[in-house]
Amino acid sequence: MDARFCPRCGQALQVLPLNGQSRPRCTAADCGYVHWDNPLPVVAAIVEMDDAVILARNRDWPEKMYGLITGFLEKAESPEDAVLREVWEELGLRATAAHFIGYYPFFAQNQLILAFHVPATGDIVLGEELAAIKRVPIERLQAWNFGTGLAVRDWLATRLLL
Ligand SMILES: [Zn+2]
């Protein structure tokens, strides 16, 4: 959205304190719009296939950056259904189970990541959002210390307990 104008009535927004934080609020007396800027839920999948994890690079990411399969929820869609749909859309894999790992606040992106372990089989067909994938053997998988990497860290830790 354009941060300067009210999406409801078009009047200018002004940043004012409300409930302990500064928030853009509509200046029209009869509108009352507040831009709360609440975090957006994002589902993330650790896709496991043949003792490897599938990491993917989005089309608009730098050459060496790979991450988990992620996406937003559709309206009235459960997180489990959303993550299985994303795995289908981005990798062409019909996974049937999504095991919840945990939730991870990602303040830098104003997101709340809901992470799942998704075992999968089949032939990968890249979706239009992806430029490339790589298969990382689980014993060589290294977590990164932000965003979805924290889910990878926790998932790897639980595997050591098995
Ligand atoms: Zn307004």
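Remember, it's a predicted structure, so these values are computed and weren't measured experimentally. (Residues numbered from 1 in each chain as written. Predicted model: local features only at pLDDT ≥ 70, side-chain atom pairs only at ≥ 80, totals over all residues.)

A. Seen up close, the environment of W144. As for its placement among the helices and strands, W144 is situated in the loop between β8 (130–137) and α2 (149–160). Taking the C-alpha atoms as reference points, W144 and C9, separated by 135 residues in sequence, lie 43 Å from one another. (Helix = DSSP H or I, 4+ residues; strand = E, 2+ residues; numbered from the N terminus.)

B. The nonpolar core, seen in detail. Counting 31 residues, the largest nonpolar core has A44, A45, I46, V47, V87 and V118 as its most contacted members. Counting residues per element, this core draws most heavily on strand β3 (residues 40–49), at six residues. Not counting chain neighbours up to four residues away, the residues in contact with A44 comprise L68, I69, T70, I113, L114, A115, T148 and A151. (Core = buried A, V, L, I, M, F, W, Y, C linked by C-beta atoms within 7 Å. Buried ≥ 20, exposed ≤ 12 C-beta atoms within 10 Å, placed from the backbone. Contact = placed C-beta atoms within 7 Å.)

C. Structural context of the domain arrangement of the protein. Annotation of the protein at the domain level lists domain 1 (1–37) and domain 2 (40–160). Measuring from the centre of the C-alpha atoms in domain 1 to the corresponding centre in domain 2 gives 35 Å. (Domains from an automatic or database assignment.)

D. Fine view of the pairing of strand β1 (residues 13–18). By the bridge criterion, six bridges tie β1 to strand β2 (residues 21–26) in an arrangement that is antiparallel. Note that in β2 the partner of L13 across the bridge is C26. (Pairing = 2+ DSSP bridges.)

E. A look at helix α1 (residues 79–91). With 13 residues, α1 extends 18 Å from end C-alpha to end C-alpha; this agrees with the ideal 18 Å at 1.5 Å per step. Regarding α1, the residues found buried are A82, V83, L84, E86, V87, E90 and L91. Where α1 is buried, its residues contact β3, β4 (52–58), β5 (69–72), β7 (111–119) and β8. Just past α1, the residue G92 takes up positive phi, approximately 70 degrees. (Expected span 1.5 Å × (residues − 1).)

F. Main features of the environment of G122. Within the secondary structure layout, G122 lies in the loop between β7 and β8. It is 31 Å that separates the C-alpha atoms of G122 and L40, two residues lying 82 residues apart in sequence. Beyond its immediate sequence surroundings of up to four residues, G122 is in contact with L93 and R94.

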